[in-house]
Amino acid sequence: MPNDEQHTTDVAVTARGDGGDGVRGRRRWLALIAAGAVALTGAGFGASLLIKSPAQAAADSRPPAPSVITAPVEHRTLASSVILRGTVVAGQSLEITPGGTTEGGTPTVSKLPLKAGDQVRAGRLLVEISGRPVIALQGTVPLYRDLKPGAQGSDVGRLQDALHRLGHSTSPDNRGRFGEGTKSAVTALYDALGYEPLPVGGVEGSAAVTSAEAQVTSAERALDDAEDALKTAEADSRSGAGSRSGPGSSGTDSGKTAGSPAGTAGEATRGGRDPEGLRKAVARTREDLATAREGLVAARAASGPMVPSGEVAFLESFPARVQDLPVRLGAKVQGAVMTVAAGPLVVHGYVPDHQKGLIRAGQKAEILSEVNGADATASVRSIATTRTMPRPDGDTAEGQSAGGQADADGYLMTLAPGRPLEAEWTGQNVRLTVQAATTRGKVLVVPVTAVSAGADGSTAVTVLQDDGRQRRVRVKPGTSGDGNVEVIPLESGTLGEGDRVVTGVPADAAAQEPTG
């Protein structure tokens, strides 16, 4: 029995021990399951943060609700500008167009001492046409007529001034009179270049002087003959009177009639000529000689070297520059053979119709070279009153080189640089900014789009305050330019520098605003 009881007790203990282990195992499994659930929950939450649906991604990428567009109110000087294109050119561009030859025929380029780009100085030979020179002289007005000895006028004075600058004196001639001094100076000008000046009238002009000289010579000889005849007659008259009153006279002689040759004064002069008549002949011959001498003086004054209008080219200043040379040696002359640029560089621009009213002489401007970035100040010298029309098909005028002027369209505006431009500017197409208007000192400035007009015709700007609210301020607009406008608040203190004014609202603002 004791053994049986002991066995029963062991079994019971064993049974209790096995049951405890099972309970603990179940508890461990429950703990593991709970931890896994928590881990899966955390992973799911993390994945929800990283992984988004297409709808959510589109919603997140949508822009924020729009707000108004603003710009600050500025306090500065406002200038209205006109921006154009222009071309830098010389102050004077002269086309050399020679006339016909003195001997007829077609004018031909017989000498070309210069090439395009060469400098030209006063007194220099520009070109030779059919053996005759074209000479550069300094002057502001082109020669419009041939200048001949005896001519008078302001053009003669300008020729004399040009000759003086080259060291050729025209003394003793008065300024404006082509006399002997001017003849000598003209001859010296041509001699320096190896030419002879054309004589007035050519061969016929020389013949006129020769004829006048012959008339003087004939009159001088006629006077000599008349004076000799008078002297002889007077001597014979005295001799005859003495023989009649001498001791050898006879009554027969005294009895001759007055009409006989031996008893008259004409007999005493051996030819029957009265000394009184010879005296009249001498006086008249002297008058003829004086007239002949006056004619010779006039002929000589009108003869000598002349200056044909086609043989000189007056340029404003030197050195000048050969701008264009469209001919070659031996070419027949048809139009301009050369274009010479002289004077300080200026800028030509063409103002369109709608901007012409904004440009006036004296306005300030800026010139910008887009070739090298250089800039220069300038002022408007002039603006044309008539419009320049573009040439069809881009044709250029005879002798004019292409340089942006062929397509000119508008009113020609000339800008004078504030300082002389260097030669490298010549021919450049530049950007011009002309200050068409400017305010007197600093003013309040806002973009043009910030100003709105009410139904009653009043104008105002809308100020965006720091708290997001908007405030309407009535203003009076002033000078405008470059997209901005001057504004004057009608009530003091309602608008100031730094305030932000509404310039616009995005077009899709209403679509993006929440509907609530």
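Residues numbered from 1 in each chain as written. Predicted model: local features only at pLDDT ≥ 70, side-chain atom pairs only at ≥ 80, totals over all residues. Heavy atoms only, no water.

**Some remarks on the overall build of the protein**
Our working definition: Helix and strand labels come from DSSP, where a helix needs a run of H or I of at least four residues and a strand needs a run of E of at least two; each type is numbered from the N terminus. Exposure categories follow from relative accessible area, calculated using a 1.4 Å probe and restricted to protein chains: below 20% of the type maximum is buried, above 50% is exposed, and the middle band is partly exposed. Only heavy atoms matter for contacts: two residues are in contact if any of them lie within 4.5 Å across the pair.
A count of helices and strands for the protein gives 10 helices and 20 strands. Among the 516 residues that make up the protein, the fraction classed as buried is 34%. The long-range fraction of contacts in the protein, counting pairs at least 24 apart against all pairs at least 6 apart in sequence, stands at 71%.

**Some points on the sheet that holds strand E8 (residues 312–315)**
As a reminder, the rule being used: Strands qualify as paired when DSSP identifies two bridges or more between them. Working convention: axes come from line fits to C-alpha atoms, limited for helices to the stretch in contact. Angles between N-to-C directions cover 0 to 180 degrees.
Taking strand neighbours across the sheet as the criterion, the four strands line up as E4-E6-E7-E8 in an open arrangement whose pairing is mixed. Edge positions in the sheet fall to strand E4 (109–111) and E8, since each of these pairs with one other strand and no more. Adjacent strand axes in the sheet meet at a mean angle of 30 degrees, parallel and antiparallel pairs treated alike. Examined bridge by bridge, E4 and strand E6 (residues 125–129) share two bridges and lie antiparallel to one another. Bridge pairing links Val-109 to Ile-129 in E6. Each of E6 and strand E7 (132–138) is contacted by helix H4 (residues 180–193), which is oriented at about 115 degrees to E7, the strand it contacts most.

**Structural notes on the confidence of the model for the protein**
Formally: Scored from 0 to 100, pLDDT records how confident the predictor is in each individual residue.
Overall, the predicted model of the protein reaches an average pLDDT of 80, with 76% of residues at or above 70. Within the protein, the element-level pLDDT minimum falls on helix H7 (residues 265–268), averaging 40, and the maximum on helix H3 (residues 154–165), averaging 96. In this model residues 11–17 is a low-confidence stretch, pLDDT under 50, and it forms zero contacts with partners more than four residues away in sequence or in other chains. Per-residue pLDDT stays below 50 along residues 248–271; that stretch engages in 20 contacts with residues further than four places along the chain or on separate chains.

**Comments concerning a nonpolar patch on the surface**
To keep things clear, this is the line we draw: For patch detection, residues must exceed 30% relative accessible area and be free of salt bridges, and they are connected within 9 Å for like charges or within 5 Å for nonpolar side chains (Val, Leu, Ile, Met, Phe, Trp, Tyr). Only the protein chains shown count as cover for residues, and all accessible areas are computed by the Shrake-Rupley method using a 1.4 Å probe. Here, a salt bridge means any side-chain nitrogen of Lys or Arg that lies within 4 Å of a carboxyl oxygen of Asp or Glu.
Among the surface-exposed residues, Trp-29, Leu-32 and Ile-33 lie close enough to one another that they form a single nonpolar patch of about 400 Å² accessible area. Considering the arrangement of structural elements, one finds Trp-29 in helix H1 (residues 2–50). Residue class for Trp-29 comes out exposed when judged on its relative accessible area of 61%.

**Digging into the side chain of Gln-363**
Rules: What qualifies as a polar contact is a pair of N or O atoms within 3.5 Å, subject to a donor-acceptor requirement within protein and to the restriction that residues adjacent in sequence count only when both atoms come from side chains.
Along the chain, Gln-363 falls in the loop between helix H9 (353–356) and strand E11 (364–368). From its side chain, Gln-363 meets the backbone nitrogen of Arg-360 in a polar contact 3.0 Å long. Sequence-distant contacts of Gln-363, that is, excluding residues within four places in its chain, are made with Leu-358, Ala-378, Ser-379, Val-380, Val-434, Gln-435 and Ala-436.

**Digging into the environment of Thr-388**
Mapped onto the secondary structure, Thr-388 falls in the loop between strand E12 (375–383) and strand E13 (411–417). Measuring from C-alpha to C-alpha, the distance between Thr-388 and Leu-412 comes to 7.0 Å, with 24 residues separating the pair along the chain. Those residues in contact with Thr-388, other than ones at most four positions away along the chain, are Tyr-350, Ala-408, Asp-409 and Gly-410.

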